[in-house]
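Geometric and topological summary
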Amino acid sequence: MAGFNKVVHSYEDAMAGLQDGMTVIAGGFGLCGIPEGLIAQIKKMKTKDLTVVSNNCGVDGFGLGILLEDKQIKKMIASYVGENALFEKQLLNGELEVELTPQGTLAEKMRAGGAGIPAFFTATGYGTPVAEGKETREIKGRNYVLEESITGDFAIVRAWKADRYGNLMFRHTSMNFNPMAATAGKITVAEVEEIVEPGELEPSQIHTPGIYVQRVIKGSFEKRIERRMVRQG
């Protein structure tokens, strides 16, 4: 990067520095708003023993699911096994460590990590296996579980628009997890649909300020539908 210009022109540069054993936080929800090209680059790099934090692990053959094929993921922190048969198989066979986390708690873990908050209390999961081994506390007559926040060596996100300074705008369902993930990485890489010049984004509409983002790359996206549902005629 030169000065405030955070644009890189290759996926190799975008993911430079990723090493075995690192933690990667990935934005997106299902197959919506996922950084497809950055995930493919991790696959290409053959980086292994990764801890990956994301709502789910894509599907067989697409999204984060492609990282399961060569067992690049050692631990998955997610809220949902989803439509991924390989994820389920590796979980049941003990080949993949999985930490299932309630969806809202997972989002807050990312947000808190980005805000420098080490832990927080939530009522979600109290009295269930989610709370096993964790500190609990009664506050104003209600029981809560202490959850630690999450940060990553890398955060990979998908945005609609960015400027060269790294300011990001997300669109529709890609608002799920991407803004929180973007703040929680030591190195945050944004794969975007469009890069504009500084000043072209309306300041009040910027979702993630560029101070959180280290690299921006323009991607091309397949935008696959996870499960097609049509009305019967």
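Residues numbered from 1 in each chain as written. Predicted model: local features only at pLDDT ≥ 70, side-chain atom pairs only at ≥ 80, totals over all residues. Heavy atoms only, no water.

Description of the overall build of the chain
- If you tally the helices and strands in the chain, you get six helices and 11 strands.
- Rg of the C-alpha trace for the chain: 18 Å, near the compact-globule value of 17 Å for 233 residues, within the 12% margin.
- Considered along the principal axes of its C-alpha atoms, the chain spans approximately 50 × 50 × 40 Å.
- Evaluated residue by residue, the chain yields a buried proportion of 46% over its 233 residues.
- The long-range fraction of contacts in the chain, counting pairs at least 24 apart against all pairs at least 6 apart in sequence, stands at 72%.
- Accessible surface, the chain as shown: approximately 11,800 Å² in total, 49% of it carbon and sulfur.
- One way to put it: in the chain the 27 positive side-chain charges average out to a point 2 Å from where the 29 negative ones average out. (Helix = DSSP H or I, 4+ residues; strand = E, 2+ residues; numbered from the N terminus. Rg over C-alpha atoms; globule rule 2.2 N^0.38 Å. Buried < 20%, exposed > 50% of the residue type's maximum accessible area, 1.4 Å probe, protein only. Contact = heavy atoms within 4.5 Å. Areas by Shrake-Rupley, 256 points an atom, 1.4 Å probe, with all protein chains shown as cover. Lys, Arg positive; Asp, Glu negative; His and termini not counted. Charge placed at Lys NZ, Arg CZ, Asp CG, Glu CD.)

Looking at the state of the cysteines
- Taken as a whole, this structure holds zero disulfides when the rule is applied.
- Residue C57 stays outside any disulfide, its sulfur separated by 17 Å from that of C32, the closest cysteine.
- Taking the relative accessible area as the measure of exposure, C57 reaches 0% and is therefore buried. (Disulfide = S-S within 2.5 Å.)

Details of the sheet that holds strand β6 (residues 136–139)
- If you walk across this open sheet you meet the three strands as β5-β7-β6, and the pairing is antiparallel. The outermost strands of the open sheet, each flanked by one partner alone, are β5 (119–122) and β6. Each neighbouring strand pair of the sheet contributes to a mean axis angle of 35°, computed without reference to strand direction.
- Two strands pair when backbone bridges link them, and β5 and strand β7 (residues 142–148) are joined in this way by four bridges, in the antiparallel orientation. Across the sheet, residue A119 finds its bridge partner in β7, namely E148.
- Of the strands in this sheet, β5 and β7 are in contact with helix α5 (residues 103–115), which crosses β5 at around 150°. (Pairing = 2+ DSSP bridges. Axes fitted to C-alpha atoms, helices over the stretch in contact; angles between N-to-C directions.)

Focus: helix α2 (residues 36–45)
- Three or more residues of α2 are buried, namely E36, G37, L38, I39, Q41 and I42.
- Just beyond α2, the residue with positive phi is K46, at close to 60°.

Let's talk about the nonpolar core
- With 26 residues, the main nonpolar core has M15, L18, I42, L64, I73, M76 and I156 as its most contacted residues.
- Setting aside residues no more than four positions away along its own chain, L64 makes contact with A26, I39, V52, S54, N56, C57, G58, I73 and M76.
- Among the nonpolar cores identified, the runner-up in size contains 21 residues, and V157, L168, F170 and A184 belong to it. (Core = buried A, V, L, I, M, F, W, Y, C linked by side-chain atoms within 4.5 Å.)

Side note on the side chain of T188
- In this fold, T188 is placed in strand β10 (residues 185–196).
- With a relative accessible area of 0%, T188 lands in the buried category.

Some details on the pattern of salt bridges
- Tallying each qualifying case throughout the model produces 14 salt bridges.
- Note that D20 is salt-bridged to K48, the shortest N-O span being 2.9 Å. Of this pair, D20 sits in the loop between α1 (11–14) and β1 (23–26) while K48 sits in the loop between α2 and β2 (50–53), and the two are 28 residues apart along the sequence.
- What makes D20 partly exposed here is its relative accessible area of 42%.
- Judged by its relative accessible area of 42%, K48 falls in the partly exposed class. (Salt bridge = Lys/Arg side-chain N within 4 Å of Asp/Glu carboxyl O.)

Description of the packing of aromatic side chains
- For the structure on display, the rule yields one aromatic pair.
- On the numbers, 5.5 Å between centres and 55° between planes, the contact of F4 with Y165 is tilted. On the criterion of sequence distance, the pair formed by F4 in the segment before α1 and Y165 in the loop between β8 (152–163) and β9 (168–169) is long-range, its members being 161 residues apart.
- Residue class for F4 comes out exposed when judged on its relative accessible area of 60%.
- Looking at Y165, the relative accessible area reads 37%, which means it is partly exposed.
- Geometry around W160 places R171 over its ring, the cationic atom sitting 5.3 Å from the centre. (Phe/Tyr/Trp six-rings, centres within 6.5 Å; stacked < 30°, edge-to-face > 60°. Lys NZ or Arg CZ within 6 Å of the ring centre and 35° of its normal.)

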